[in-house]
Amino acid sequence: MPAPFSQANPVKIAIVGAGAVSDYHHVPAIKLDPRAVLAGVCDASQELLDKRRKDWGCDNVTTDFERICADPGVDAVIIATPNFTHKAITLSAAKHGKHVMCEKPLGLDAGEVRAMYHACRDRKLVHMTAFTYRFAPSMRYLRHLCKSGALGALRHFRSQRFLDWPETSWGWRQYKKTAGAGDLFDMTIHRIDFAIDLLGPLKTLCGATARFIPRTKTTDGRDCPPSEVDDWSSLIGEFTSGATGVWEGTTLAKGYGLAGFGHEWAEINGSLQTGVYRLHMPNQIMLGKTGQDLAAVDVPAEFLKPAGSPRDPSTGEPATVFRYDLVWEFVSAICEGRDAVPSFFDGLRAQIVADSVLQSHQERRWVDIPDEPR
Ligand SMILES: NC(=O)c1ccc[n+]([C@@H]2O[C@H](COP(=O)([O-])OP(=O)(O)OC[C@H]3O[C@@H](n4cnc5c(N)ncnc54)[C@H](O)[C@@H]3O)[C@@H](O)[C@H]2O)c1
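Asker: Account for the site of the ligand, with residues named and values stated.
Answerer: Around the ligand, the surrounding shell holds 22 residues, and the nearest of these are Asp43, Asn83, Glu103, Lys104 and Thr132. In this structure, an oxygen atom belonging to the ligand sits 3.0 Å away from a main-chain N or O atom of Ala20. Measuring from a nitrogen atom of the ligand, one finds a side-chain N or O atom of Glu103 at 2.9 Å. When the ligand is considered free in solution it has 850 Å² of accessible area, and contact with the protein chains removes 82% of it. Secondary structure elements with two or more residues in the shell around the ligand: helix H1 (20-32) and helix H8 (183-199). The class makeup of the residues in the shell around the ligand is 10 nonpolar, 7 polar and 5 charged. Taken together, domain 1 (11-132) and domain 2 (133-344 + 348-367) each give at least three residues to the shell around the ligand, which thus spans both.

Asker: Can you tell me about the pairing of strand S2 (residues 36-42), naming the residues and giving the values?
Answerer: In summary, the side chains of a regular strand alternate between the two faces of the sheet. In terms of residue burial, S2 counts as a mostly covered element, since 6 of its 7 residues are buried. Judged from the 6 bridges that link them, strand S1 (residues 11-16) and S2 form a sheet pairing that is parallel. Opposite Ala14, over in S2, you have Gly40 as the bridge partner. Relative to strand S3 (residues 61-62), S2 runs parallel, the two being bridged by 2 bridges. The residue of S3 that forms the bridge with Cys42 is Thr62. The parallel pair S2 and S3 is bridged by helix H2 (residues 46-56), and the resulting crossover is right-handed.

Asker: Describe in detail the nonpolar core, supporting the description with residues and values.
Answerer: Nonpolar side chains in soluble globular proteins tend to be buried together. In this structure, Phe157, Ile192 and Tyr277 are the most contacted members of the largest nonpolar core, which totals 98 residues. When residues in this core are grouped by element, the largest group, 9 residues, is from H8. In terms of domain composition, this core takes at least three residues from each of domain 1 (11-132) and domain 2 (133-344 + 348-367). If we ignore the near neighbours within four places in the chain, the residues touching Ile192 are Leu184, Leu235, Trp247, Ala350, Val353 and Ala354.

Asker: Help me get a handle on the pairing of strand S14 (residues 295-298), residues and values and all.
Answerer: Taken together, the 4 bridges between strand S13 (residues 284-289) and S14 define a ladder with antiparallel strand orientation. Looking across to S14, one finds that Gln284 is bridged to Asp298. Counted along the chain from S13 to the antiparallel partner S14, the turn is 5 residues long, and its residue Gly291 has a positive phi close to 90°.

Asker: Describe the environment of Thr216, and please don't skip the residues or the numbers.
Answerer: Tracing the backbone through its elements, the reader meets Thr216 in the loop between strand S8 (202-210) and strand S9 (232-239). Looking at Thr216, the relative accessible area reads 31%, which means it is partly exposed. Discounting residues that sit within four places of it in the chain, Thr216 has contacts with Arg222, Asp223, Cys224, Pro225 and Pro226.

Asker: So what's going on with the packing of aromatic side chains? Residues and values would help.
Answerer: One pass over the structure, following the stated rule, counts 9 aromatic pairs. Ring geometry for Phe157 and Phe194: centres 6.2 Å apart, planes at 70°, overall edge-to-face. Pair noted here: Phe157 is in strand S7 (residues 154-162) and Phe194 is in helix H8, with a separation of 37 residues, a long-range link. The same class applies to Phe157 and to Phe194, which are both buried.

Asker: Please provide a residue-by-residue account of the pattern of salt bridges, values included.
Answerer: Enumeration over the complete set of coordinates arrives at 27 salt bridges. Across the pair Arg173 and Asp186 runs a salt bridge whose closest N-O atoms are separated by 3.5 Å. Of this pair, Arg173 sits in the loop between S7 and helix H7 (176-179) while Asp186 sits in helix H8; the two residues are 13 residues apart in sequence, bridging distant segments of the chain. The partner of Arg338 in a salt bridge is Glu329, with the nearest N and O atoms 2.9 Å apart. Among the charged side chains, a salt-bridge network with shared partners connects Arg134, Arg143, Asp193, Asp197, Asp346 and Arg349.

Asker: I'd like a rundown of the sheet that holds strand S11 (residues 263-270), residues and numbers included.
Answerer: Strands belonging to one sheet form pairs held by backbone hydrogen bonds; the direction of such a pair is parallel or antiparallel. Spatial strand order, S14-S13-S12-S11-S7-S10-S9-S8-S15: 9 strands in an open sheet with mixed pairing. Of all strands in the sheet, those with a lone pairing partner are S14 and strand S15 (367-368), marking the two edges. Helix-sheet contacts for helix H11 (residues 344-363) involve S8, S9 and S15, and the interaxial angle to S8 is about 60°.

Asker: An account of the domain arrangement of the chain is requested, with residue identities and associated values reported.
Answerer: Looking at the chain, the domain boundaries give domain 1 (11-132) and domain 2 (133-344 + 348-367). Computed over C-alpha atoms only, the centres of domain 1 and domain 2 are separated by 23 Å. Linking domain 1 to domain 2 there are 1 salt bridge. At the boundary of domain 1 and domain 2, one finds 14 residue pairs in polar contact (both at pLDDT 80 or more). Among the elements that line the side of domain 1 that touches domain 2, the one with the most residues is H1, at 7 residues. Among the residues making up the side of domain 1 that touches domain 2, the classes are represented as 29 nonpolar, 9 polar and 5 charged.

Asker: Account for the sheet that holds strand S6 (residues 127-129), naming residues and giving values.
Answerer: Read across the open sheet, the 6 strands follow the order S3-S2-S1-S4-S5-S6; overall the sheet is parallel. Two strands lie at the open edges of the sheet, namely S3 and S6, each paired on one side alone. Running at roughly 165° to S2, H2 makes contact with S1, S2 and S3 of the sheet.

Calculation rules
- Residues numbered from 1 in each chain as written.
- Predicted model: local features only at pLDDT ≥ 70, side-chain atom pairs only at ≥ 80, totals over all residues.
- Heavy atoms only, no water.
- Near = heavy atom within 4 Å.
- Polar contact = N/O pair within 3.5 Å; in protein donor to acceptor, adjacent residues only side chain to side chain.
- Areas by Shrake-Rupley, 256 points an atom, 1.4 Å probe, with all protein chains shown as cover.
- Helix = DSSP H or I, 4+ residues; strand = E, 2+ residues; numbered from the N terminus.
- Nonpolar A, V, L, I, M, F, W, Y, C, P; charged D, E, K, R; others polar.
- Domains from an automatic or database assignment.
- Buried < 20%, exposed > 50% of the residue type's maximum accessible area, 1.4 Å probe, protein only.
- Pairing = 2+ DSSP bridges.
- Right-handed = clockwise from strand over helix to strand, strands pointing away.
- Core = buried A, V, L, I, M, F, W, Y, C linked by side-chain atoms within 4.5 Å.
- Contact = heavy atoms within 4.5 Å.
- Phe/Tyr/Trp six-rings, centres within 6.5 Å; stacked < 30°, edge-to-face > 60°.
- Salt bridge = Lys/Arg side-chain N within 4 Å of Asp/Glu carboxyl O.
- Axes fitted to C-alpha atoms, helices over the stretch in contact; angles between N-to-C directions.

Here's what the structure looks like:
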C-alpha cells in the first residue's frame, strides 16, 4: 500500500497544457497547497515550456503527454489543453493510474466524455471537472440557501453571462473540430452545471445559438479561416422538479467589461425569497423577500473558502482567488480517498445538456434530456 498523502508526502501533480488557465490559477493553487507539489509540466510548445520552467520552477518538462502520464514521479494530472485533446490525455492518464482534473468542456461531445468518465470511474481514480464558478463563495452560499430550504420551493433559475470581447480570432476556440462549440461550450456550460447542482436534473430544453462575426483576423493582424462556432448561446428548460430555467451568454455585449470579469448574474426565485449570485461581487449575494427590494448580504465566513484551506479570503482579487479552491478540492479528494466534486459525471451531465442545445437549434424543436446512469 502506498503511504497516504500528507505534507510530508505531497500529491505530485503534473500540468498538461501550460497556457492561460494553468498560469492564472492551477499553478498558483498548487503552490498554495502544502499537500501538493508541481512535479511535471507538459505542453506542445517547447518555447512555452522553456518559459514555464523558469516561471514555475519545474525542471521535469516535456512535449509528450504520454511520457508525463507514464511518469512514476507523478500521482495526478491537471489537463488544461484545447478541448479536442482532453479525451486522449485523460485515457492515457487513467491507463497509468493517475488521478485527473480536466478542464471544461471535458470533450467535444457526450460520447467522448462518457469514455473519459468510465475510464477513471472503473479504475477508481479521482476525477474532477474544472467547473470554476461552483467555487465562488456566493455560489457556495446560494447553494446552502437552496438546499436548506431558506429560499422556499425553487421555481425559476435565470443566468446571464455577458462579455465584451474583441472581434478578432479565438484561435483553436473558433473551430468545431478543436473546440466543439463556441460560447456554449466555453461559457454557458458552466452555468448549465451549476444550475443542475442547485436545482437537480433538467428534463427538457429548447436551445438556440448564433454567430455574428467571421473572426478572420488574428490579434496581431494575420488572416485566418473564419469562425465556425457560436458567439451567443441560450436555452430555456424545465427541471425534473418542475422548476424552469433561462440561460443567455454572449461575448459580444458592448459595455460589459467590468474590469475584465464581464457581467455574470444568476438568480433563483424561490417561494420565500430570491437569491442572486454575481461573479464580480463573489463575497456577497443579494437576497429579497416579498415587499423588499433585493439587497446585498455578506457571505458568512464559513462559505468564503473550503474548510482547512490555508487561503486567506481577505487577500487578492476576490473574483480570481476563489479559483484556487479547485485544486484544494482535487487534492482533498485524493488525500481523503473520496470522489471529487464536481466529478466527471457532472461534466458528462452538463455535456449532454449542451449537446442537446445544439441538437434543439439544428432541429428547431424541444429536446428531452436522457437519463445517464452513474
Ligand atoms: N474553468 C475555467 O474557468 C476555464 C478558463 C479558461 C480556460 N478553460 C479551459 O481550459 C482549457 C485550456 O484553455 P486555455 O485558455 O488555457 O488555452 P491556451 O490556448 O492558453 O493553452 C492551451 C495550451 O495547451 C497546449 N497544448 C495543445 N495541445 C497539446 C497537447 N497535445 N499536449 C500538451 N499541450 C498541448 C498549447 O500549446 C497551449 O499552451 C480549455 O479546455 C478551456 O476551455 C477553462
